[in-house]
Amino acid sequence: MEYQGILDHIYNTLKDVPERGEVASYIPELHKVDPARFGLHLLTLDGKEYGSGDFDIPFSIQSISKVLSLSKALDFTGPDLWKRVDVEPSGNPFNFLALLELERGIPRNPFINAGALVICDVLLSGFSDPKEDFLNYVRELADDDSIRYDETVVRSEKETGFRNAAAANLLKSFGNMENEVEDVLDFYFHQCSLYMSCRQLARTFYLFANGGKNMKGKSFISASQAKRINAIMLTCGFYDEAGEFAFEVGLPGKSGVGGGIVAVHPGNYCMATWSPGLNERGNSLLGMRALEMFTTRTGLSIF
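Residues numbered from 1 in each chain as written. Predicted model: local features only at pLDDT ≥ 70, side-chain atom pairs only at ≥ 80, totals over all residues. Heavy atoms only, no water.

As a further point, take the overall build of the protein. A count of helical and extended segments in the protein gives 13 helices and ten strands. A globule of 303 residues ought to have a C-alpha radius of gyration of about 19 Å, and the protein, at 18 Å, matches this closely. Dimensions of the protein, computed from the C-alpha atoms along their principal axes, are close to 55 × 40 × 35 Å. Here the protein holds 303 residues, and 58% of them are scored as buried. Within the protein, residue pairs in contact and separated by at least 24 positions form 69% of the contacts whose partners lie at least 6 positions apart. Working note: accessible area of the protein is about 11900 Å², and carbon and sulfur atoms make up 49% of it. In the protein, the 29 positive side-chain charges and the 40 negative ones have mean positions that sit 3 Å from each other. (Helix = DSSP H or I, 4+ residues; strand = E, 2+ residues; numbered from the N terminus. Rg over C-alpha atoms; globule rule 2.2 N^0.38 Å. Buried < 20%, exposed > 50% of the residue type's maximum accessible area, 1.4 Å probe, protein only. Contact = heavy atoms within 4.5 Å. Areas by Shrake-Rupley, 256 points an atom, 1.4 Å probe, with all protein chains shown as cover. Lys, Arg positive; Asp, Glu negative; His and termini not counted. Charge placed at Lys NZ, Arg CZ, Asp CG, Glu CD.)

Below is the structure:
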C-alpha cells in the first residue's frame, strides 16, 4: 500500500481548512501554540516510517502520557491495580468530579484525570526518583534520550490546576491516595508536560501494537497487558467522545489537549497526529478527521 501518498493526500486535503477548532486556553502555555501546525506520522510493525507535515515538531502530549504511566503502574502492581481504579467509560468530561464523589473515590477509568492521579500515586510509591525514573522509562520505550519535560508547561499547569487539586484531595479523603497530594500533583503535571513529536509518539506507542515489545524487541509489558490497555484506549481514550472515535476511526487511541492523538492497530501499525485546535469535547479536530480518512482510505481499522 502506498502509505506516503495516502498521508500526503490527507495532509494536503486538511492543512488549509478554515475550521480547525480552538487551541486549549485553560493551560496558558498551551494557548501560545500556533494553530496552523499539523502533522501525521505512521509507523508500521515492520519498522517502516512515513510522515507528512509537522510530524517532527515536538509538542506537549498532555493526557496521551496517561497510557504510558498506566503501562508502568501495571508493571508495579499487576491486576491489583484494578482495585483502585475501574475500567469503565465515564461518559463525562476528563475533569468531571461529581462521579468520583458518587463512586466513593474509585475513578471510572485510568484516563480521566482522577484515575490518572491514582496511577501517579502508584508510580510515586514504586519509583525511587519518580520524575527522573518515569522520563527514563519513556525514553527507553522510544529508544530516544532527547525526550524531555517542558518545564514552562509544568509551571503553567501548577498555576491553573485547581480542579486537579480538588480531585486529588477527594481521592485522599476516600483513602485512595497513599502519597502527599502536593507530590502527586507535581508528578502528574510533569507527566503531562512530556514534550514529543508525532514520530516520537508513534515509536513510543509501538509496544501497544507489538504485544508489549518496543522497536528494539525488549518486552516492557505482557501481551495480555497490552491487549487490556488497548481495550481501555478504545473505550475510554477520548472521554465522552470515545464512542464517536470508535465509530468513525475504529482504532484504540488516546488524545491530549495539546492537540496530539495516537492510534494503534495491534499487529499492524501505530499512527500519531498533531493539530492544536480542539473540538468542543477537547479532542483535536483535524486529528480526528485525519485518522478517519486514513482508516477509510486503507480499510485498516480493527473492525
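Next, the rest of the story.
Between its terminal C-alpha atoms helix 5 (residues 130–142) stretches 18 Å, which fits the 18 Å expected from 13 residues at 1.5 Å a residue. Every buried residue of helix 5 is listed here: Pro130, Phe134, Leu135, Tyr137, Val138, Arg139, Leu141 and Ala142. Trailing helix 5 by a residue or two, aspartate 143 shows a phi angle of about 55°, which is positive. (Expected span 1.5 Å × (residues − 1).)

It is worth spelling out the pairing of strand 8 (residues 260–265) at this point. One face of the sheet, then the other: side chains in a regular strand alternate in exactly this way. Among the six residues of strand 8, six are classified as buried, and the element is accordingly described as predominantly covered. Of the two faces of strand 8, the one lined by Gly260, Val262 and Val264 and the one lined by Ile261, Ala263 and His265 are each fully buried. Where strand 7 (residues 253–255) and strand 8 come together, three bridges link them in antiparallel fashion. By the bridge assignment for strand 8, lysine 254 is matched with valine 262. Judged from the six bridges that link them, strand 8 and strand 9 (residues 269–274) form a sheet pairing that is antiparallel. Within strand 9, the residue paired with glycine 260 across the bridge is tryptophan 274. The hairpin formed by strand 8 and strand 9 contains three residues between the paired strands, and glycine 267 there has a positive phi angle of roughly 80°. (Pairing = 2+ DSSP bridges.)

This paragraph deals with the environment of cysteine 192. By secondary structure assignment, the location of cysteine 192 is in helix 8 (residues 181–192). In the structure, cysteine 192 is positioned 69 residues away from leucine 123 in sequence and 14 Å away in space, judged by C-alpha atoms. Residue contacts for cysteine 192: discarding those within four places in its chain leaves Ser60, Ile61, Gln62, Ser65 and Glu157.

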